[in-house]
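The residues making up each chain are set out below.
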Amino acid sequence: MPELLIHSMSEFAEIILGALDLAEAATIAEIGAEYGGMSALLADHVAARGGRLISIDPAPKPEFAAWLGERPHVTHLPLPSLEAIPTLSNIDAWLVDGDHNWYTVYHELRAIDALCKRDDKPLLAFLHDIHWPGGRRDMYYAPDRIPAEFRQPHSFDGGALPGMDALRPHRGFRGMGQFALALHEGGPRNGVLTAVEDFLAEEHASGRELGFCEVPGVFGLGILFAFDAPWSAALADLVVPFHQNKLLATLEANRLANYLRVIEYQDAG
């Protein structure tokens, strides 16, 4: 019952839109189109500010084209993110919710940061799926797009269960042919959170400090921002209460346990 599983970044709308208001973000790039979810909220946000939303997705939902046609302030780029990002300029904020694997996310962050530096824009990025199951385990919608040396051994059939390293055949959280999961959890160059941490570690080694907040729930939201932005203190005040919040983490663990039990019943029935 996929409809039981809340999964959209729109569940974090109050935090994201609040942060965008603080940053006075008018031009926003969204990696991973989501018609009817966060995309609609972002479209309304940029319209009110006289800005633009650039949606990046090589294969959006069929309904997206009709929705797009009614919103002239939204531009769709039907390209993989790593091809689309270098073509953009003067982006105030980024939402990263595309292919959830180390190679893609790490290089998305590198490309986004390069554009921010070139255009003299403070870095502000919101990243989805930083926690289980994709935080420490690669997910691939199109494995062939990942260079072989960065592509984890993977399966379209195996499923993930919390606390278990290896996949279980036809059990647990799985893509049902829509996406593949790495066979094992953890280790180098594996997962979204690992990609963010590697990016942060390299920036720290260069003498640069960036803010990073982890919001538990709905697979985890990461908020990455420049400390030297004029709005950084206000944004930190907004997001720090949610950072690694134990209550939210407990609720997320319970939510996932209940959903996985539903999958178990479905598999048995």
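Above this text sits the structure in question.
Report on the accompanying structure. Numbering of residues begins from 1 in every chain and follows the order in which that chain's sequence is written. At least 70 in pLDDT is required for a residue's local features to be given in this predicted model, at least 80 for side-chain atom pairs to be given and counted, and no such filter applies to totals for whole chains, interfaces and linings, which use all residues. Only hydrogens and water are set aside when side-chain values are computed; all heavy atoms of the structure are taken into account.

## Examining the pairing of strand 12 (residues 221-226)
Reasoning step 1: Relative accessibility thresholds used throughout: buried, under 20% of the residue-type maximum; exposed, over 50%; partly exposed, between the two (1.4 Å probe, protein chains only). Counting from the N terminus, the helices are the DSSP runs of H or I reaching at least four residues and the strands are the DSSP runs of E reaching at least two. Counting buried residues along strand 12, 6 of its 6 residues qualify, which places the element largely inside the surrounding structure.
Reasoning step 2: Burial along strand 12 is two-sided: the face carrying Leu-221, Ile-223 and Phe-225 and the face carrying Gly-222, Leu-224 and Ala-226 are both buried.
Reasoning step 3: Whether two strands pair depends on DSSP finding at least two bridges between them. Sheet analysis places strand 5 (residues 124-128) next to strand 12, joined by 5 bridges and oriented antiparallel. Of the residues in strand 12, the one forming a bridge with Ala-125 is Leu-224.

## Quick notes on helix 1 (residues 13-22)
Reasoning step 1: Three or more residues of helix 1 are buried, namely Ala-13, Ile-15, Ile-16, Ala-19 and Leu-20.
Reasoning step 2: Positive phi shows up at Glu-24, right after helix 1, with a value of about 50°.

## Description of the nonpolar core
Reasoning step 1: Counting residues in each nonpolar core, the largest one holds 71 residues, and the members touching the most others are Trp-94, Phe-126, Ile-223 and Leu-224.
Reasoning step 2: When residues in this core are grouped by element, the largest group, 9 residues, is from helix 5 (residues 102-118).
Reasoning step 3: Here, two residues are considered to be in contact whenever any of their heavy atoms come within 4.5 Å of each other. When sequence neighbours within four positions are dropped, the list of residues in contact with Trp-94 reads Ala-29, Ile-85, Leu-88, Ile-112, Leu-115, Cys-116, Leu-124, Ala-125 and Phe-126.
Reasoning step 4: We define a nonpolar core as any set of buried Ala, Val, Leu, Ile, Met, Phe, Trp, Tyr and Cys residues linked to one another through side-chain atoms lying within 4.5 Å. Core analysis: the next-biggest nonpolar cluster, separate from the first, contains 14 residues, Leu-161, Phe-179, Leu-256 and Tyr-259 among them.

## Remarks on the sheet that holds strand 6 (residues 139-140)
Reasoning step 1: Spatial ordering of the open sheet is given by 6-10-7, a layout of 3 strands whose pairing is antiparallel. Bordering the open sheet on either side are strand 6 and strand 7 (154-155), each of which pairs with just one other strand.
Reasoning step 2: In this sheet, strand 10 (residues 180-182) lies alongside strand 7 in antiparallel orientation, the contact comprising 2 bridges. Note on strand 10: the bridge partner recorded for His-154 is Ala-182.

## Details of the state of the cysteines
Reasoning step 1: Two cysteine sulfur atoms make up a disulfide if the distance between them is within 2.5 Å. This structure, assessed with the given rule, holds 0 disulfides.
Reasoning step 2: The cysteine Cys-116 is free of any disulfide, with Cys-213 supplying the nearest cysteine sulfur at 18 Å.
Reasoning step 3: In this structure Cys-213 comes out as buried when scored by relative accessible area, which is 3%.

## Considerations on the sheet that holds strand 4 (residues 93-96)
Reasoning step 1: Spatial ordering of the open sheet is given by 3-2-1-4-5-12-11, a layout of 7 strands whose pairing is mixed. Taken across any chain shown, the strands that pair with only one partner, and hence form the sheet edges, are strand 3 (74-77) and strand 11 (210-215). For this sheet, the mean inter-axis angle between neighbouring strands, taken without regard to orientation, is 15°.
Reasoning step 2: Orientation is described by axes fitted as lines to C-alpha atoms, over the contacting stretch for helices, and by angles from 0 to 180 degrees between their N-to-C directions. The sheet contacts of helix 1 involve strand 1 (27-31), strand 4, strand 5, strand 11 and strand 12, and relative to strand 5 the element is tilted by about 170°.
Reasoning step 3: Along the sheet face, helix 6 (residues 192-205) touches strand 5, strand 11 and strand 12 and points at about 160° away from the line of strand 11.

## Brief notes about helix 2 (residues 38-48)
Side chains of residues three or four places apart in an α-helix project in the same direction, reflecting 3.6 residues per turn.
Reasoning step 1: Burial in helix 2 covers these residues: Met-38, Ser-39, Leu-42, Ala-43, His-45 and Val-46. Summarising the axial view, the buried residues of helix 2 lie within an arc of 165°, below the 170-degree limit, and thus occupy one face. The exposed residues of helix 2 that point more than 90 degrees off its buried face are Asp-44 and Ala-48.
Reasoning step 2: Packing partners of the buried residues in helix 2 comprise helix 1, strand 1, strand 2 (52-56), helix 3 (63-69), strand 3 and strand 4.
Reasoning step 3: In the segment just after helix 2, Gly-50 is the residue with positive phi, at about 70°. Comment: arc refers to directions from the helix axis out to C-beta atoms.

## Quick look at the packing of aromatic side chains
Reasoning step 1: Pairing of aromatic side chains here covers Phe, Tyr and the six-membered ring of Trp, requires ring centres within 6.5 Å, and sorts the geometry by plane angle: under 30 degrees stacked, over 60 edge-to-face, intermediate tilted. Scanning all chains against the criterion turns up 9 aromatic pairs.
Reasoning step 2: On the numbers, 5.1 Å between centres and 40° between planes, the contact of Tyr-103 with Phe-150 is tilted. Of the two residues, Tyr-103 is situated in helix 5 and Phe-150 in the loop between strand 6 and strand 7; the sequence distance between them amounts to 47 residues.
Reasoning step 3: Exposure remark for Tyr-103: the relative accessible area of 15% places this residue in the buried category.
Reasoning step 4: One aromatic cluster is present, built from ring pairs that chain together Trp-132, Tyr-141, Phe-173, Phe-179 and Phe-219.
Reasoning step 5: Both a distance and an angle decide whether a charge sits over a ring: NZ of Lys or CZ of Arg must be within 6 Å of the ring centre and within 35 degrees of the ring normal. Taking NZ or CZ as reference, Arg-255 lies 4.9 Å from the ring centre of Phe-219, over its face.

## Observations regarding the environment of Leu-20
Reasoning step 1: Mapped onto the secondary structure, Leu-20 falls in helix 1.
Reasoning step 2: The buried category is assigned to Leu-20, whose relative accessible area is 0%.
Reasoning step 3: Put simply, Leu-20 and Ser-155 are 135 residues apart on the chain and 37 Å apart in space, counted from C-alpha to C-alpha.
Reasoning step 4: Among residues more than four places away in sequence, those in contact with Leu-20 are Ala-25, Ile-28, Leu-42, His-45, Ala-93, Leu-124 and Phe-126.

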